[in-house]
Amino acid sequence: KTEPTAMHIQFQPITPQHSHFEPMSRLYQASFPPDERRPVSQLRQIAQSESRFSILGIAIPQAEAHGSPQFAGFIAYWHFGTFIYVEHLATQPQLRSQGLGKTLVEHLQSMFRGLPIVLEVEPAVDHVTTRRIAFYQRLGFRLHTRFRYMQPAYSPATQPLPLRLMTCRLTPRCHITLRQMAQTIAREVYQNYY
């Protein structure tokens, strides 16, 4: 597979009014099991009303030169002032292994050069989860294996999940700790919208 060249890749904020919101919603539902995502109606509401939450889409040229750019994936994140929390990252199944996820993460890292970034991953229990952790490690993230972390439930119908946190740029000079990050995420991302 050939990777799309950087000059043809487009990054676009995806709001509920954007033409890519519907394909993004379908990819979101297909990529994450119910315990790891919100109902789309709630996602739409948060994207509409929550100033700290953003969805950044990535688009690549269509095969036919004159078509509008093809939605290829997204990264959804929260800006909490002292750190960035990546809630979801997904690329279209037929476009995987082309470097688009890496490009999205690197773009986010360049947008917020001075801030630590944190995200949740499943523990390494099989080939898929091990590869996912390695993907983030190649991008400069550190896996925190000693920090006990439980992803709160998204709703009364879903379950909390034992996950791991990964961070990049979390240094002793940062004005926030891993525990403070986890508390902020639990309160602002999950409990406020339960």
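See the structure above.
Residues numbered from 1 in each chain as written. Predicted model: local features only at pLDDT ≥ 70, side-chain atom pairs only at ≥ 80, totals over all residues. Heavy atoms only, no water.

> Explanation requested: the overall build of the chain in the structure shown.
Counting its regular elements, the chain contains five helices and seven strands. Relative to the 2.2 N^0.38 estimate, which gives 16 Å for 194 residues, the radius of gyration of the chain is 16 Å and therefore close to what a compact globule would have. By principal-axis analysis of the C-alpha atoms, the chain measures approximately 50 × 35 × 35 Å. Residues classed as buried in the chain amount to 49% of the 194 residues present. Sequence-distant contacts, at least 24 apart, represent 65% of the contacts inside the chain between residues at least 6 apart. Carbon and sulfur atoms provide 52% of the accessible area of the chain, an area that totals close to 10400 Å². (Helix = DSSP H or I, 4+ residues; strand = E, 2+ residues; numbered from the N terminus. Rg over C-alpha atoms; globule rule 2.2 N^0.38 Å. Buried < 20%, exposed > 50% of the residue type's maximum accessible area, 1.4 Å probe, protein only. Contact = heavy atoms within 4.5 Å. Areas by Shrake-Rupley, 256 points an atom, 1.4 Å probe, with all protein chains shown as cover.)

> For this particular structure, what's the right way to read unusual backbone geometry?
Peptide bonds are trans in most cases, and residues, glycine excluded, mostly fall at negative phi. Phi is positive for S97, close to 70°, though the residue is something other than glycine. Tracing the sequence through the fold places S97 in the loop between β4 (84–91) and α3 (100–111).

> Sorry, what's going on with the pairing of strand β3 (residues 70–79) here?
Regular strands have side chains that alternate between both faces of the sheet. For β3, a buried count of eight out of ten residues is recorded, marking the element as mostly surrounded by other parts of the structure. Sheet topology note: the strand β2 (residues 53–60)/β3 ladder contains eight bridges and is antiparallel. Counted as the bridge partner of G57 is F74 from β3. Pairing between β3 and β4: seven bridges, direction antiparallel. The residue of β4 that forms the bridge with I75 is L89. (Pairing = 2+ DSSP bridges.)

> Looking at this structure, I do not really get the pattern of salt bridges. What am I missing?
As enumerated under the stated definition, the model contains seven salt bridges in all. Among the charged side chains, a salt-bridge network with shared partners connects E50, R52, R187 and E188. (Salt bridge = Lys/Arg side-chain N within 4 Å of Asp/Glu carboxyl O.)

> In this structure, what is going on with the state of the cysteines? I would like to understand it.
Working definition of a disulfide: a covalent bond connecting the sulfur atoms of two cysteines. Applying the stated criterion across every chain, the model contains zero disulfides. Left unpaired, C168 is separated from the closest cysteine sulfur, that of C174, by 9.8 Å. With relative accessibility at 3%, the residue C168 sits in the buried group. (Disulfide = S-S within 2.5 Å.)

> Honestly, the sheet that holds β2 in this entry has me stumped. Any pointers?
The strands that make up a sheet pair up through hydrogen bonds in the backbone, lying either parallel or antiparallel. Taken in spatial order, the seven strands line up as β1-β2-β3-β4-β5-β7-β6 in an open sheet, and their pairing is mixed. A strand with exactly one partner marks an edge of an open sheet, and here the two such strands are β1 (10–13) and β6 (142–151). Direction aside, neighbouring strands of the sheet carry axes that sit 30° apart on average. Those strands touched by helix α2 (residues 40–49) are β2 and β3, and its axis lies near 100° from that of β2. (Axes fitted to C-alpha atoms, helices over the stretch in contact; angles between N-to-C directions.)

> Help me understand the nonpolar core in this model?
Across soluble globular proteins, nonpolar side chains show a tendency to be buried alongside one another. Ranked by internal contacts, the top residues of the largest apolar core, which has 35 residues, are M24, I55, F74 and Y85. Elements with a contribution of two residues or more to this core: α1 (21–31), α2, β2, β3, β4, β6, β7 (161–168) and α5 (178–190). No other element matches the six residues that α5 contributes to this core. Core analysis: the next-biggest nonpolar cluster, separate from the first, contains 27 residues, L108, I117, F141 and M166 among them. (Core = buried A, V, L, I, M, F, W, Y, C linked by side-chain atoms within 4.5 Å.)

> Looking at this structure, I do not really get the packing of aromatic side chains. What am I missing?
The geometry of an aromatic ring pair comes down to the distance between the two centres and the angle between the two planes. Tallied over the full model, the rule gives nine aromatic pairs. Plain terms: the ring middles of W78 and F80 are 5.7 Å apart, the flat faces sit at 10° to each other, and that makes the pair stacked. As far as burial versus exposure is concerned, W78 and F80 are alike and both buried. When the centroid spacing of 5.6 Å and the interplanar angle of 70° are considered together, the rings of Y136 and F141 count as edge-to-face. (Phe/Tyr/Trp six-rings, centres within 6.5 Å; stacked < 30°, edge-to-face > 60°.)

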